[in-house]
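Structural characterization, general
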Amino acid sequence: MRLLVVGRLSGQLAAAVKMAMAHGAKVNHVERTDQATEQLRRGQGADLLMVDYNLDIGALIAANEAERIFVPVVACGVDNDADKAAAAIRAGAKEFIPLPPEADLIAAVLAAVADDERPLISADPSMQAVIKLADQVARSEASILITGESGVGKEVMARYLHTHSKRAERPFISVNCAAIPDNLLESELFGHEKGAFTGAVARRIGKFEEADGGTLLLDEISEMDARLQAKLLRAIQERIIDRVGGTRPVPVNIRIIATSNRDLAKAVAEGTFREDLLYRLNVVNLRLPALRERPGDVAVLADHFVKKYAAANGVPVRPLSLDARRALAAHRWPGNVRELENAMHRAVLLAIGSEIDAQAIRLPDGQPLMGAVGGAVDNGLAGRAAQTADAVSRAYVGQTVAQMEKTLILDTLTHCLGNRTHAANILGISIRTLRNKLNEYADEGTQIMAPQTGIATAGYGVSAA
């Protein structure tokens, strides 16, 4: 993990830096907040900022966000002033670390805020075969395309490839192509020169240069605009880039990994994705099976998430009951590993007693998992499902197609907890089409669920998660 420390390096802050380095962090240091933003702008990236709470943390975060630099901040302070600590949290800091530091606290905060603890866990033969192939190609320089449904763990696999590659000691940089508007993605990838466009107040190093020597992950590559695909193809072929507004090419040495939850061959046939770019990206294809296709992974992943979220929430690790394991095995997991992780996080918080039982494992709407009650399949399930389907169909009678489409889109977004990419995948439409629909509904005054939060917000249609 890359840590940027901001503030005067006093003895106690220096001790915190040493502890962070002992836990594997690579540390840089500047004294002022403007120096921190400038360092990030120059491509000397960081996964976490540790900032003296006597500095203006709010201004630092605002300056970073103006440059589309989103790095979590933890505040630290020697005086243990409660007012200053609270002000730092209100300004946007994720955590506060009192100084002098405690080694366990430093380790816990680094793990919680940076969230680097994302191991690739599997016991199912179908997934083991994919991991075996990944091990074969990890140390090569070949571009790799990772495909699979939303939530199957494509970014986790990309990180696995990086950590097992010859570039493991160099940066791993990820860009979500679906979450960044087309007019900003070019600058995000290739950087820009001062004055290249309105708001370009200084040179900004893009993700290609930031990843130099390491690995660049292009997440959800299928959502990239066709014009930008041509520039990306040149960058991959010639290993040079042009900053927006630049006058000379910049050489880069990176390995490309791309992911997609859509059928890129179909996108090529439809004319929305370049065939030559697909060939460049798809030197090796790793298709990750959906969770329902690898049932042997459900139990081991559930156990992992129970331990992870018990530790994160400071509660004892309780085993899953036999009924709970049966319920987990019976569920289809349309949201894949991401849905399972969220379900186990809820279960850790809701469980009562010495075990996590089936009743503690809930869907996002609070309902228990269907398919297993008390460890056995509910014989009345089919009848209740038929009654529910009949009631739903009657409710739709009299509605226009547009009204039904709106209901379907908003209900699917709610099911996905506001995650645009996941919802678009379930609906079978592009993220761009989904954004346009949500913008249309927001303009009508409809409350739109914000990404990841479960909160309905008016006018939130343009965001993507």
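Residues numbered from 1 in each chain as written. Predicted model: local features only at pLDDT ≥ 70, side-chain atom pairs only at ≥ 80, totals over all residues. Heavy atoms only, no water.

1. A look at the overall build of the protein
Selection rule: Working definition: helices are DSSP H or I runs of at least four residues, strands are E runs of at least two. Numbering for both runs from the N terminus. Exposure classes here rest on a 1.4 Å probe applied to the protein chains alone. A residue is buried below 20% of its type maximum, exposed above 50%, and partly exposed in between. Should any heavy atoms of two residues lie within 4.5 Å, those residues are considered in contact. Values of accessible area rely on a 1.4 Å probe in the Shrake-Rupley scheme; residue burial ignores everything except the protein chains shown.
Looking only at helices and strands, one finds 19 helices and 14 strands in the protein. A buried classification covers 46% of the 465 residues belonging to the protein. The contacts of the protein with a sequence gap of at least 6 include a subset with a gap of at least 24, amounting to 68%. For the protein, the accessible area works out to roughly 22,000 Å², and carbon and sulfur atoms hold 53% of it.

2. Remarks on the confidence of the model for the protein
Detailed reading of the predicted model is not advised wherever pLDDT is low. How we decide: pLDDT expresses, on a scale from 0 to 100, how confident the predictor is about each individual residue.
Within the protein, residue pLDDT values average 83, and 88% of them lie at 70 or more. Confidence over residues 453–465 falls short of pLDDT 50; this stretch has 45 contacts with residues more than four positions distant or in other chains.

3. Topic: the nonpolar core
The line we're drawing: Nonpolar core, defined: a set of buried Ala, Val, Leu, Ile, Met, Phe, Trp, Tyr and Cys residues in which side-chain atoms within 4.5 Å join the residues together.
Judged by nonpolar contacts, the single largest core of 31 residues is most densely connected at Leu189, Phe208, Leu216, Leu218 and Ile221. At the level of secondary structure, the elements contributing two or more residues to this core comprise β7 (172–176), α8 (182–190), β8 (215–219), α10 (226–238), β11 (255–260), α11 (264–270) and α12 (275–281). Sorting elements by how many residues they give to this core places α10 first, with 5 residues. Setting aside its immediate chain neighbours within four residues, Ile221 contacts Leu145, Cys177, Leu232, Ala258, Thr259, Ser260, Leu264, Phe273 and Leu281.

4. Observations concerning the pairing of β11
Quick note on the threshold: When DSSP finds two or more bridges between two strands, those strands count as paired.
In terms of residue burial, β11 counts as a mostly covered element, since 6 of its 6 residues are buried. The side-chain alternation of β11 yields two buried faces, one formed by Arg255, Ile257 and Thr259 and the other by Ile256, Ala258 and Ser260. Bridge count between strand β6 (residues 144–147) and β11: 4 bridges; the pairing is parallel. Within the sheet, the bridge partner assigned to Ile144 lies in β11 and is Ile257. As paired strands, β8 and β11 are joined by 4 bridges and run parallel to one another.

5. A closer look at the environment of Leu13
Residue placement: Leu13 occurs in helix α1 (residues 11–22). C-alpha of Leu13 to C-alpha of Pro100: the two residues are 87 residues apart in sequence and 7.4 Å apart in space. When sequence neighbours within four positions are dropped, the list of residues in contact with Leu13 reads Val5, Gly7, Arg8, Met50, Cys76 and Leu99.

6. Regarding the sheet that holds strand β1 (residues 2–6)
Test applied: Fitted lines through C-alpha atoms give the axes, limited to the stretch in contact for helices. The angle between two N-to-C directions lies from 0 to 180 degrees.
Here 5 strands make up an open sheet; going across it, the order is β2-β1-β3-β4-β5 and the pairing parallel. Across the chains shown, the open sheet's two edge strands, defined by having one partner strand only, are β2 (26–30) and β5 (95–98). For this sheet, the mean angle separating the axes of adjacent strands, direction not counted, is 25°. Strand contacts of α1: β1, β2, β3 (48–52) and β4 (73–77), with the helix running at about 180° to β1, the strand carrying the most contacts.

7. Remarks on the packing of aromatic side chains
Our working rule: Classification of ring pairs rests on two measures: the distance between centres of Phe, Tyr or Trp rings, Trp counted by its six-membered ring, which must be within 6.5 Å, and the angle between planes, read as stacked under 30 degrees, edge-to-face over 60 and tilted in between.
Counted by the stated rule, this structure contains 2 aromatic pairs. For the ring pair Tyr53 and Phe96, a centre distance of 5.4 Å and an interplane angle of 20° mean the geometry is stacked. Here Phe96 lies in strand β5 and Tyr53 lies in the loop between β3 and α3 (57–66), a separation of 43 residues in the sequence. Here the aromatic rings of Phe190 and Phe208 are separated by 5.1 Å at their centres, their planes lie at 20°, and the arrangement is stacked. Of the two residues, Phe190 sits in helix α8 while Phe208 sits in helix α9 (residues 207–210), which places them 18 residues apart along the sequence. Each of the two residues, Phe190 as well as Phe208, counts as buried.

8. A short note on the environment of Ala324
With respect to the helices, strands and loops of the structure, Ala324 is situated in helix α14 (residues 322–330). Residue classification places Ala324 among the buried residues on the basis of a relative accessible area of 0%. Apart from residues lying up to four places away in sequence, Ala324 is in contact with Ile356, Asp357, Ala358 and Ile361.

9. As for empty space enclosed by the protein
Rule in force here: Only protein atoms enter the 1 Å grid used here, on which a cavity is any set of points holding a 1.4 Å probe that cannot leave and a pocket is any open set flanked by protein within 12 Å on both sides along at least five of seven lines; residues with an atom within 4 Å of a point are listed as lining. Grid points are joined across faces, edges and corners, and a volume is the space filled by probe spheres set on the points. Polar here means any residue outside two lists: the nonpolar Ala, Val, Leu, Ile, Met, Phe, Trp, Tyr, Cys and Pro, and the charged Asp, Glu, Lys and Arg; Gly therefore counts as polar.
This structure, assessed with the given rule, holds 1 cavity of 30 Å³ or more. Put simply, the largest cavity is a space of about 50 Å³. If you go around the largest cavity, the residues you meet are Ala178, Glu220, Glu223, Asn261, Arg262, Thr421, Ala424, Asn425, Ile429 and Ile431. Per-element accounting of the lining of the largest cavity gives the leading share, 3 residues, to helix α18 (residues 420–427). Along the lines of polarity and charge, the residues of the lining of the largest cavity split into 4 nonpolar, 3 polar and 3 charged.

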